Amino acid sequence: MQPKCIITGGAGFIGSALVRELLANGEQSVGVVDNLNSGHLSNLEEVKDRVETHVVDIRDYDALVRIFPGADVVYHLAAIPSVPRSIQDPVPSHDVNINGTFNVYRAAKEAGVRRVVYAASSSAYGDTLVLPKTESMAPSPKSPYALQKLMGEYYGSVFDSCFGLESVSLRFFNVYGPRQDPSSPYSGVLSLFMKAAMERKAPTIFGDGEQSRDFTYVEDVAALVRKASMVPGVSGKVFNAGNGGRYTLNFLWEEIQKLEGITLPANYGPPRGGDVRDSQADTTAAKRELGHDPQFTIEEGLRRTMDWYRAHKA
Ligand code: UD2
């Protein structure tokens, strides 16, 4: 049977968690579109019999328009992430995150998809004077990546208003958890910290380590993304998909050392260009309108993630 849900980036760390979330909540099968650039088929190993995988790049409009017909929802998670990567190598991230995203919306409209749920980014806020960050604040992107992700939100609302394609944008706030790939210097900081801890190597902290992030456990994000596909009356809108807390890198490296039972001072380097200083989501709107209900404290999320890395040590 043709899957009703298609996930771009479905072989990635967040996308594969969403695959499992959908299959655990009533979907018989799901479709995945992924070019395997940063995603891995191994992320889908346990569920592969219920996944229809298309190894396709979202820059390929013709392929998308052949795959999407019959789908009710497209979850658009495929992207080239990372603030520093978008500064060091801006062309591919522009092409995938803006042109590829446009292709996804256009193909979804052409194929008669009901709704696109888009993985936007907390980076769109930039540095705000006030925390937590609410959706009514004016965006102020500080990097090409932040700008690209913001453009995807704007395209979502324009496809809603001009073309009648439903869209919901969720601003992800520093998602972490099992399967986050620590193998690139552009990987999420917690995956790098955990890899360093297991290898008994000091991590590098860019800046003074007092910058803070609303680290959000991947299963909480996947649950919210699924809800965002179903709720009526929210099309064209943008919601924060955070946990609502805020932790510094210094605190997190302390916590990870405790989990591993080690004492290993971090190295400190210069601050990273394009970085936001502090990030924390106001989750009021997501809770009220989408039923967002995060379950994982930072302690529990870190413990589960560390357990996963230990069990899957290469
Ligand atoms: C941004 C977005 C996030 C998501 C992500 C995707 C913000 C606030 N968040 O995450 O929502 O879209 O992009 O890529 O913009 N760091 C170190 N040492 C390292 C690596 C990183 O100190 O080895 C620091 C880094 O300078 C930053 C923090 O850790 O201050 C988090 O960096 P990150 O790359 O994990 O995520 P970030 O915040 O750029």
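Just above sits the structure.
Heads up: these notes are all about the structure in this document. (Residues numbered from 1 in each chain as written. Predicted model: local features only at pLDDT ≥ 70, side-chain atom pairs only at ≥ 80, totals over all residues. Heavy atoms only, no water.)

1. Considerations on the side chain of R226
With respect to the helices, strands and loops of the structure, R226 is situated in helix α7 (residues 218–228). Residues in contact with R226, not counting those within four places in the same chain, are L18, E21, L22, N25 and Y75. (Helix = DSSP H or I, 4+ residues; strand = E, 2+ residues; numbered from the N terminus. Contact = heavy atoms within 4.5 Å.)

2. Description of the packing of helix α6 (residues 189–198) against helix α10 (residues 298–311)
Interhelical geometry of α6 versus α10 gives an angle of 55 degrees and a closest axis separation of 11 Å. By the criterion of interaxial angle, the relationship of α6 to α10 is oblique. The way α6 lies across α10 gives a crossing that is right-handed. Packed against α6, whose contacting residues are L190, S191, M194 and M198, the element α10 presents L302, T305, M306, Y309 and R310 at the interface. Among the residues making up the contact of α6 with α10, the classes are represented as six nonpolar, two polar and one charged. (Axes fitted to C-alpha atoms, helices over the stretch in contact; angles between N-to-C directions. Parallel < 35°, antiparallel > 145°, perpendicular 65-115°, else oblique. Left-handed = near helix turned anticlockwise from the far one by under 90°. Nonpolar A, V, L, I, M, F, W, Y, C, P; charged D, E, K, R; others polar.)

3. Describing the nonpolar core
Of all hydrophobic cores here, the largest spans 37 residues; its most connected members are V19, Y75, L170 and F172. Element by element, the count of residues in this core is highest for helix α1 (residues 13–24), at seven residues. Those residues within four positions of F172 in sequence are excluded, and the remaining contacts are I14, A119, A120, S121, S122, V221, V225 and A241. The next biggest cluster of nonpolar side chains, apart from the first, holds 25 residues, and it includes I58, V74, V96 and A107. (Core = buried A, V, L, I, M, F, W, Y, C linked by side-chain atoms within 4.5 Å. Buried < 20%, exposed > 50% of the residue type's maximum accessible area, 1.4 Å probe, protein only.)

4. Considering the pairing of strand β5 (residues 115–121)
The buried count for β5 comes to seven of seven residues, which makes it a mostly enclosed element. Residue alternation in β5 divides its side chains into two sets, R115, V117, A119 and S121 and V116, Y118 and A120, and both sets are buried. Here four bridges tie strand β4 (residues 73–76) to β5, and the two strands are oriented parallel to one another. Residue pairing for β5: H76 is matched across the bridge by Y118. In this structure, β5 lies alongside strand β6 (residues 166–172), joined through seven bridges in parallel fashion. Along β6, the bridge assignment pairs V117 with V168. (Pairing = 2+ DSSP bridges.)

5. Describing the sheet that holds strand β11 (residues 237–241)
Spatially, β3-β2-β1-β4-β5-β6-β11 is the arrangement adopted by the seven strands of the open sheet, whose pairing is parallel. Only two strands of the sheet have a single partner each, and these edge strands are β3 (51–55) and β11. Each neighbouring strand pair of the sheet contributes to a mean axis angle of 20 degrees, computed without reference to strand direction. Pairing of strand β1 (residues 5–8) with strand β2 (residues 30–34), which is carried by three bridges, proceeds in the parallel orientation. For I6, the partnering residue across the bridge sits in β2 and is G31. Lying over the sheet, α1 contacts β1, β2, β3, β4 and β6, oriented at roughly 165 degrees with respect to β1.

6. Here's the deal with the environment of V74
Within the secondary structure, V74 sits in strand β4. On the accessibility criterion, V74 (0% relative accessible area) is buried. The sequence separation of V74 and Y268 amounts to 194 residues, and the corresponding C-alpha distance is 41 Å. Apart from the residues lying within four places of it in its own chain, the contact partners of V74 are I6, T8, F68, V104, V113, R115, V116 and V117.

7. A short note on helix α5 (residues 144–163)
Given 3.6 residues to a turn, an α-helix orients residues that are three or four positions apart in the same direction. Helix length check: α5 (20 residues) gives 27 Å between terminal C-alpha atoms against 28 Å at 1.5 Å per residue, within 8%. Within the sequence span of α5, burial applies to Y145, A146, Q148, K149, L150, G152, E153, G156 and F159. Where α5 is buried, its residues touch α3 (83–88), α4 (90–111), β5, β6 and β11. Just beyond α5, the residue with positive phi is G164, at close to 70 degrees. (Expected span 1.5 Å × (residues − 1).)

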